[in-house]
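# Notes for the structure review
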Amino acid sequence: FAPNPIKIKTGNTITWINNDNTIHTVSSGKPNSQDAGQIFDSGLTSLISPSKSYSHKFTNPGEFSYFCRLHPNMVGTIEVEP
């Protein structure tokens with residue numbers, strides 16, 4: 001989940017590429033929070049295998065936290081500027 005934080009402009013798309021040797025997810029919010037996965041979520045049914053990717057287009061400005069549902073210590077922040 002690097003770089004962290006990531007700064008982008010509204011309308012940009014971020015693509016997470018799994019360069020690890022194990023599966024991961026990308027879910028908005030923070031681990032164990034009510035809002036987990038509300039904005040974007042690669043989901044547990046669509047795990048990101050090694051060398052695979054997940055993309056999300058950010059259409060609103062703001063600060064967005066994200067994490068891996070399988071490895072909740074993996075966290076990041078996206079700063080979306082207008």
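All values reported here derive from a predicted model rather than from experimental measurement. (Residues numbered from 1 in each chain as written. Predicted model: local features only at pLDDT ≥ 70, side-chain atom pairs only at ≥ 80, totals over all residues. Heavy atoms only, no water.)

Bringing the overall build of the protein into the picture now. A tally of helices and strands in the protein yields 0 helices and 6 strands. In terms of overall dimensions, the protein is globule-like: its C-alpha atoms have a radius of gyration of 12 Å, near the 12 Å expected for 82 residues. Along the first, second and third principal axes, the C-alpha atoms of the protein reach 35 × 30 × 20 Å. Considering the protein as a whole, with its 82 residues, one finds that 34% of them fall into the buried category. For the protein, restricting intrachain contacts to residue pairs at least 6 apart in sequence, the fraction spanning at least 24 positions comes to 66%. Total accessible area computed for the protein in this model is approximately 5000 Å², and 47% of it derives from carbon and sulfur atoms. Distance from the positive charge centre (6 side chains) to the negative charge centre (6 side chains) of the protein: 5 Å. (Helix = DSSP H or I, 4+ residues; strand = E, 2+ residues; numbered from the N terminus. Rg over C-alpha atoms; globule rule 2.2 N^0.38 Å. Buried < 20%, exposed > 50% of the residue type's maximum accessible area, 1.4 Å probe, protein only. Contact = heavy atoms within 4.5 Å. Areas by Shrake-Rupley, 256 points an atom, 1.4 Å probe, with all protein chains shown as cover. Lys, Arg positive; Asp, Glu negative; His and termini not counted. Charge placed at Lys NZ, Arg CZ, Asp CG, Glu CD.)

Let us now look at the sheet that holds strand β3 (residues 27-28). On the basis of which strands lie adjacent, the open sheet formed by 4 strands has the order β1-β6-β5-β3 and mixed pairing. Looking along the sheet, the strands with just one partner apiece sit at the ends: β1 (6-9) and β3. Across 4 bridges, the pairing between β1 and strand β6 (residues 75-81) is parallel. When the sheet's bridge partners are listed, K7 is paired in β6 with E79. (Pairing = 2+ DSSP bridges.)

Pairing between β3 and strand β5 (residues 62-67): 2 bridges, direction antiparallel. Across the sheet, S27 pairs through a bridge with F67, a residue of β5. Alignment of β5 against β6, held across 6 bridges, turns out to be antiparallel. Note that in β6 the partner of E63 across the bridge is E79.

Time to look at the pattern of salt bridges. All told, the structure shown has 3 salt bridges when counted by the stated rule. Measuring nitrogen to oxygen at the nearest pair gives 3.7 Å for the salt bridge that ties E79 to K7. Of the two residues, E79 is situated in strand β6 and K7 in strand β1; the sequence distance between them amounts to 72 residues. E81 serves as the salt-bridge partner of K9, at 3.4 Å between the closest nitrogen and oxygen. Taken together, the residues span a long stretch of sequence, with K9 in strand β1 and E81 in strand β6 at a distance of 72 residues. Relative accessible area serves as the criterion here: at 44%, K9 is assigned to the partly exposed category. For E81, a relative accessible area of 33% translates into the label partly exposed. (Salt bridge = Lys/Arg side-chain N within 4 Å of Asp/Glu carboxyl O.)

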